[in-house]
Amino acid sequence: MAVPSLLGATIAVSAIAATSVAANAAETATVSVSSVEAAEPVVEASAAPVETTTIADATIANAAPAPTQSATTASAQENEATADLAATGIAGQVTSVSQLSDVQPTDWAFQALQSLVERYGCIVGYPDRTYRGNRALTRYEFAAGLNACMDRINELIAAGTADLVKKEDLLAVQKLQEEFAAELATLRGRVDAVEARTATLEKQQFSTTTKLVGEAIFTIADTFGDSATRTGNGTLIPGTTENDNTETIFADRVRLNLDSSFTGKDQLRIRLQARNITPFSGAAFTGTNETRLGFDGNNSNSLEVSKVFYRFALSNNFRLQVDAVGNEFYNGLVSTLSPFTSSGNGALSRFGRFSPIYRSNANGAGFTFEYKFSDFLALQGGYIADTLSNDPTPTNGLFNGAYTALGQVVLKPSRALEVALTYARSYYPGNEVNITSSTGSGYASNPFASSAAIRRATSSDAFGVQAQFRLSPKFIVGGWFGYTKAYQAGNANEADVLNGSVFLAFPDLGKKGNLGGIIVGIPPKVTGNDFIAANGLRRIDDDTTYHVEALYRYRVTNNIAITPGVIVIFNPEGNNDNATQYVGVIRTTFSF
């Protein structure tokens, strides 16, 4: 076998696939390529590894005969090569043929390969140090590699190393270059077209630092069962009637997140939101907050800026998120240890998503943080100011209005088990007291009957234990327990509030991306209270409310999920005289 023939074919094969694949991939993904020379990797012995290159023996001239290919077969092999390169990644330069693990001294092309690697430095391998010499290549690949080889030879000549290039080598390469002139011209034209399209895209794009992430929820829902009419101590709930007061609704929530990054390690998010999902609560509907959905809210589909935050790392172990509006612990850097946290893809109910300790009725400005001491131990926390944290008037602002401060220690004894110990301190000046964020009974939210007319400032200390244990990749068991001590300001009155839940989660149930779930819990209830209302009764929930929820999220595509489910509330408002209430929901979530 003549060495010039190997130079004309094997060198071209070694560099060829990268150019064709680079052009094809760039044409498809509109990746900027500066020139044909940039797309055609020419590897010197001292150069850095090129982007992508494949090697093949089967097309070497005067070598072992290869079967003739049809145009269809060649196209299929080119597509296969493109996919192969995409999966393999960047090829690596070799300086000795012995570095190619699948090339043996007994191979028929060993000496030719050895010459090309050690004499010309034109051969590269895959990242796994293989040569894959039996893979076929296309004429475009061959033409591109030939051009790369010519550049390499010219460099050797210009560098005064012409003695390394034999005359017969040059003649063979020149002949091949002439034969594939049309293919080289076509390849150059394709790269030029990609450059033009990329330049246009860069001029017309919205931003080089910002991308849009959207979510739209469609829901059909209704409640069944008579409205709750009695409080936990038997007092009549004003405005309620013992009837099923809701009709089936079809409603939506749309969120558009503008996510920007300036360093690659930070995130600025601006969320635009519109929604019209009326909560199933209040005297006009169900008489209780315990029937609320986890994604409800109604602003008549008016567009609003509902969240603005900037997240960044202060060190490898310390992350900080600063919120200008709409701060929420569970949407920050505080872990809830629940697979049902997401409002768009998690639990259907408000209570079932995670422990109420992570909620605050204040949702203005603030911050959250996480400091990881190790994989076993992390410290998390944050501060949420009054919803009117931008209002400088009394009982508002960052520090004089309502607020919640939270601290949490997360323990991870193993990859399967996580435990969190949480403490939260909250204060409400007297307007809109809601220490359990509308997840339990009316007494649990406002134990001292504060109102706009009679303001009773209320503070609370909340303690929580949360855990989840992944028994297998497709089975998670977990839950939480919470205790809250509430205090009436300027008075010795105190109240005790309890809540808890256990859950079973079945990730990838029936299909990857699906989620089955069962949640059984006790929404917040008042178990003890010093406060005596005007009717002479303490605001205590005499009975226990039970929350039972079952859901199944079915992922239709990567961007569409449908979640049907049912929620059952036994003894609403902590009173077994109230009728059992059922909530039926079908939630469809579109992500884009």
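Above this text you will find the structure in question.
None of these values were measured; they are calculated from a predicted model.

1. Quick notes on the packing of aromatic side chains
The geometry of an aromatic ring pair is captured by two quantities: the separation of the ring centres and the angle between the planes. If you walk through the whole model with that rule in mind, you get 16 aromatic pairs. With 5.3 Å between their ring centres and 25 degrees between their planes, Y310 and F312 make a pair best called stacked. With a relative accessible area of 29%, Y310 lands in the partly exposed category. A relative accessible area of 22% means that F312 is categorised as partly exposed. Ring pairing ties together the aromatic residues F318, F369, Y371 and F373, which thus form one cluster.

2. Here we look at the pattern of salt bridges
Oppositely charged side chains can pair when the atoms bearing their charge come close. A full pass over the atoms with the stated rule returns nine salt bridges. When the shortest N-O distance is used, the salt bridge between K307 and E328 registers 3.7 Å. Linking K307 in strand β7 (residues 304–313) with E328 in the loop between β8 (318–325) and β9 (366–372), this pair joins segments that are 21 residues apart in sequence. The two residues K307 and E328 agree in class, both being buried. Of the charged contacts in the structure, one is a salt bridge between E370 and R319, with a shortest N-O distance of 2.7 Å. One end of the pair, E370, is in strand β9; the other, R319, is in strand β8, and 51 residues separate them in sequence.

3. A few points about the environment of N147
Within the fold, N147 resides in helix α5 (residues 139–158). Classification of N147 as buried rests on a relative accessible area of 10%. A sequence separation of 27 residues divides N147 from Q174, and the C-alpha atoms of the two residues are 9.9 Å apart.

4. As for the pairing of strand β19 (residues 581–591)
Taken together, the ten bridges between strand β3 (residues 210–224) and β19 define a ladder with antiparallel strand orientation. Following the sheet pairing, I217 is matched in β19 by T589.

5. Some thoughts on unusual backbone geometry
Of note in this structure, D508 is not a glycine but carries a positive phi near 55 degrees. Inspection of the secondary structure puts D508 in the loop between β15 (494–507) and β16 (515–529).

6. Re the environment of R271
As for its position among the elements, R271 is in strand β5 (residues 267–277). A relative accessible area of 7% places R271 in the buried class. For the pair R271 and L256, spaced 15 residues apart in sequence, the C-alpha separation works out to 5.6 Å. What R271 contacts, discounting residues up to four positions off in sequence, is R255, L256, N257, E304, V305, S306, K307 and N331. Of the polar contacts made by the side chain of R271, one reaches the side chain of N257; its length is 3.4 Å.

7. Here we look at the nonpolar core
Counting 28 residues, the largest nonpolar core has Y358, L406, I435 and V526 as the members making the most contacts within it. Elements with a contribution of two residues or more to this core: β10 (377–384), β11 (403–411), β12 (417–428), α9 (442–445) and β15. With three residues, β12 is the largest single contributor of residues to this core. In this structure, Y358 is in contact with F329, Y330, V334, S335, T336, L406, Q408, A420, T422 and Q466, ignoring residues within four places of it in sequence.

8. What to know about helix α7 (residues 181–204)
With 24 residues, α7 ought to run about 34 Å at 1.5 Å a step, and its terminal C-alpha atoms sit 35 Å apart, in line with that. Those residues of α7 lying buried are E183, L184, L187, R190, V191, V194 and T198.

9. Things to note about a nonpolar patch on the surface
A contiguous nonpolar patch, built from F218, I220, F250, Y554, V556, I562 and I586 and spanning about 610 Å² of accessible area, is present on the exposed surface. In this structure, I562 sits in strand β18 (residues 560–570). We classify I562 as partly exposed; its relative accessible area is 32%.

Calculation rules
Each chain carries its own residue numbering, running from 1 in the direction its sequence is written. Only residues with pLDDT of at least 70 are given local features in this predicted model, and only at 80 or more are side-chain atom pairs given and counted; all residues enter the totals for whole chains, interfaces and linings. Processing note: side-chain calculations cover all non-hydrogen atoms of the structure and skip hydrogens and water entirely. For Phe, Tyr and Trp, where Trp contributes only its six-membered ring, two rings pair if their centres lie within 6.5 Å, and the inter-plane angle classes them as stacked under 30 degrees, edge-to-face over 60, or tilted in between. Buried, partly exposed and exposed residues are distinguished by accessible area as a fraction of the type maximum, computed with a 1.4 Å probe on protein chains only: under 20%, between the cut-offs, and over 50%, respectively. What makes a salt bridge here is a side-chain nitrogen of Lys or Arg within 4 Å of a carboxyl oxygen of Asp or Glu, nothing more. The numbering of helices and of strands both runs from the N terminus, where a helix is a DSSP run of H or I of at least 4 residues and a strand a run of E of at least 2. When DSSP locates at least two bridges between a pair of strands, those strands are taken to pair. Throughout, a contact is declared for two residues whenever any of their heavy atoms are within 4.5 Å. Identification of polar contacts relies on pairs of N or O atoms within 3.5 Å, with a donor-acceptor requirement for protein atoms, meaning one able to donate a hydrogen and the other able to accept it, and with residues adjacent in sequence counted only if both atoms are side-chain atoms. Side-chain atoms within 4.5 Å are what join buried Ala, Val, Leu, Ile, Met, Phe, Trp, Tyr and Cys residues into a set we call a nonpolar core. The length a helix should cover is 1.5 Å for every residue beyond the first. In this scheme, patches are assembled from residues that exceed 30% relative accessible area and form no salt bridge. Like charges are connected within 9 Å, while nonpolar side chains (Val, Leu, Ile, Met, Phe, Trp, Tyr) are connected within 5 Å. In this description, accessible areas are obtained by the Shrake-Rupley approach with a 1.4 Å probe, and a residue is regarded as covered only by the protein chains that are shown.

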